[in-house]
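Next come the chains, spelled out residue by residue.
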Amino acid sequence: MTTRTEYVKGTPVALDGDRAVAEAMRQVNPDVVAAYPITPQTEIVQRFSEFVANGEVDTEFIAVESEHAAMSACIGASAAGGRAQTATAGAGLALMWEVTWVAAGTRLPIVMHVVNRSLSAPLNILCDHSDSMGVRDAGWIQLYAETIQEAYDDAIQAVRIAEHPDVMLPTMHTLDGFVLGHSLERIEVLPDEVVRGFIGTYNPRYSLLDVDHPVTFGPNDYHDYFFEHRRQQIEGMERALDVIPQIGEEFGALTGRRYGLVEGYQLDDADFAIVALGSINGTVKVVVDELRRQDRKVGLLKVRSFRPFPADKVAQALGGKRAIAVLDRSFSFGAQAHPLFLEVLTALYTHGFTPGMANYVFGLGGRDTLPWQIRQVYDDLAELEGVVSAPVRYLTVRE
Amino acid sequence: MTLKGWREIPIGGLIIDAGNSKEYETGSWRIKRPVVDMDRCSHCLICWVYCPDSAILVEDTRFAGIDLVYCKGCGICASECPRKAITMVDEAQARKGDHDDHQD
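Since the structure is predicted, the reported quantities are computational estimates derived from the model, not experimental observations.

**Notes on the nonpolar core**
And step 1. Core analysis: the largest hydrophobic core is formed by 119 residues, its most contacted members being Val21(A), Cys74(A), Ala273(A) and Val275(A).
And step 2. At nine residues, the largest contribution of residues to this core is made by helix H6 (residues 148–163) of chain A.
And step 3. Taken domain by domain, this core gets at least three of its residues from each of domain 1 (11–255) and domain 2 (262–394) of chain A.
And step 4. For Val21(A), the residues in contact, after removing those within four places along its chain, are Ile44(A), Ala87(A), His113(A), Ala151(A), Tyr152(A) and Ala155(A).
And step 5. Counting residues in each nonpolar core, the second largest holds twelve residues, with Val36(B), Cys47(B), Cys51(B) and Cys81(B) among its members.

Here it is, written out as structure tokens:
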């Protein structure tokens, strides 16, 4: 006799990405939210401030004067022992840059919802990953979502990941601006009590408000100890490689939606693979299905956790492939190739694999990338065996 | 002081013990040293009021010396002393004579 696993029943609703994230925030009920509205994240803050006004959350909402202030307020709230959250995008994240390092270096488990937007100039409010890639070295965990359901689920799991005693690092999860942020999708929203049970209570080890155990946050730290504190942050990141999938499994046992560091799609027997972050993975899956029907051995590796970068998992998933295309939705001017490609190339090389590889930059400033363009990438891959292609290729850019 | 490894210290640069500034011996910063002419000192303790490092030693309400473990050599005491009893001298020169003429 077999027992069927019973998952918690969610309520199916049509929500856009911003509203889905705001809904997760309502259920998490943070102690403090400090945020400034910026397209395409505005709707998160707008919606959440309605929850505050309607008394649906206990959150202290701080309407700050800038994103630098938003992150600074979160740092204060988190150091005081509270659950602190913010949301931003594009230029807002850039303005926060300095203090994102303070949050991470002080080991404050702040959660940030990022709706990816390009960086100006020229002025552009649409999606690419330049904003979150701009803080990739700041010491934050970064999760990228393919769908609105994933963005909602990540918003909940991020709380647990950040606060895990082995990790204690601020965590941002991202969703592609407009593509997910402003598109409607049918998602399942968990019952409030299930979310609250899953995230539990945050019991900070140190808190500014614990007057019986006075603590100094943010002292000077020079040549004698600064490097050791950096080494601790590196350890937190490395441990997150275990914690993220643990929490993803726990979430999966509850909801039926399991999460790891990466997700392979038709990858095991594939000769040719694409690697990508974010919503483009959905388009790639459609193309993989089409090409599989034509008996072409193609697959996809979706990277969910970019920081920490799961090099072992990536090498394990891609080792032995004949050729690999890595899609980057951001750009590092003057670099040999772009952030995701360089990570994948390094992971493969250090694990002894040297497949053919090409780096494609796509979708900058909200440029649509369509299935036929992804098909073109798979066609290119067939010619790439044994070659690491240089220069970088630009998908859809006009000559 | 033996420096600790990264596994032995609190995360995030946090200082979890109160009253620990005494462990930081700021006297090593000093390049000028206050030298007191006790014939001129009237024990008004204005130096004690102004010293930012609590490095003026007092016994029975009288000036009793300078705590060179913490004195950074800022010279505020010399500047404020109404009787001009404190002179700032070169620290390197003063060290040469430490064992014969100075409280240390």
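From this point, the discussion proceeds with the structure in view.
**Some points on helix H8 (residues 226–255) of chain A**
Residues and elements named next belong to chain A.
And step 1. Under the 1.5 Å per step criterion, the end-to-end length of H8 is 42 Å for 30 residues, consistent within 8% with the ideal 44 Å.
And step 2. Largest kink in H8: about 35°, centred on alanine 240.
And step 3. Those residues of H8 lying buried are Gly236, Ala240, Val243, Ile244, Pro245, Ile247, Gly248, Phe251 and Thr255.
And step 4. Remark: glycine 256 follows H8 within two positions and exhibits a positive phi of approximately 85°.

**Description of the sheet that holds strand E6 (residues 141–144) of chain A**
Backbone-to-backbone hydrogen bonds pair the strands of a sheet. The strands run either parallel or antiparallel.
All names here are of chain A.
And step 1. Here seven strands make up an open sheet; going across it, the order is E3-E2-E4-E5-E7-E6-E12 and the pairing mixed. Only two strands of the sheet have a single partner each, and these edge strands are strand E3 (60–63) and strand E12 (305–307). Averaged over neighbouring strand pairs, the angle between their axes works out to 20° when direction is ignored.
And step 2. Pairing geometry for strand E4 (residues 84–88) and strand E5 (residues 111–116), over four bridges, is parallel. Following the sheet pairing, threonine 86 is matched in E5 by methionine 112.
And step 3. Strand contacts of helix H3 (residues 67–79): strand E2 (32–35), E3 and E4, with the helix running at about 165° to E4, the strand carrying the most contacts.

**Quick word on the domain arrangement of chain A**
Residue and element names in this part refer to chain A.
And step 1. Its domain assignment divides chain A into domain 1 (11–255) and domain 2 (262–394).
And step 2. A straight line from the C-alpha centre of domain 1 to that of domain 2 covers 27 Å.
And step 3. Listed by contribution, the elements that provide at least two residues to the side of domain 1 that touches domain 2 are helix H5 (130–133), E6 and H8.
And step 4. The biggest single contributor to the side of domain 1 that touches domain 2 is H8, with five residues.
And step 5. Partitioned by chemical class, the residues of the side of domain 1 that touches domain 2 number 15 nonpolar, six polar and five charged.

Calculation notes
- Residues numbered from 1 in each chain as written.
- Chains lettered and ligands numbered in written order.
- Predicted model: local features only at pLDDT ≥ 70, side-chain atom pairs only at ≥ 80, totals over all residues.
- Core = buried A, V, L, I, M, F, W, Y, C linked by C-beta atoms within 7 Å.
- Buried ≥ 20, exposed ≤ 12 C-beta atoms within 10 Å, placed from the backbone.
- Helix = DSSP H or I, 4+ residues; strand = E, 2+ residues; numbered from the N terminus.
- Domains from an automatic or database assignment.
- Contact = placed C-beta atoms within 7 Å.
- Expected span 1.5 Å × (residues − 1).
- Bend = angle between axes of the 7 residues up to and from the residue.
- Pairing = 2+ DSSP bridges.
- Axes fitted to C-alpha atoms, helices over the stretch in contact; angles between N-to-C directions.
- Nonpolar A, V, L, I, M, F, W, Y, C, P; charged D, E, K, R; others polar.

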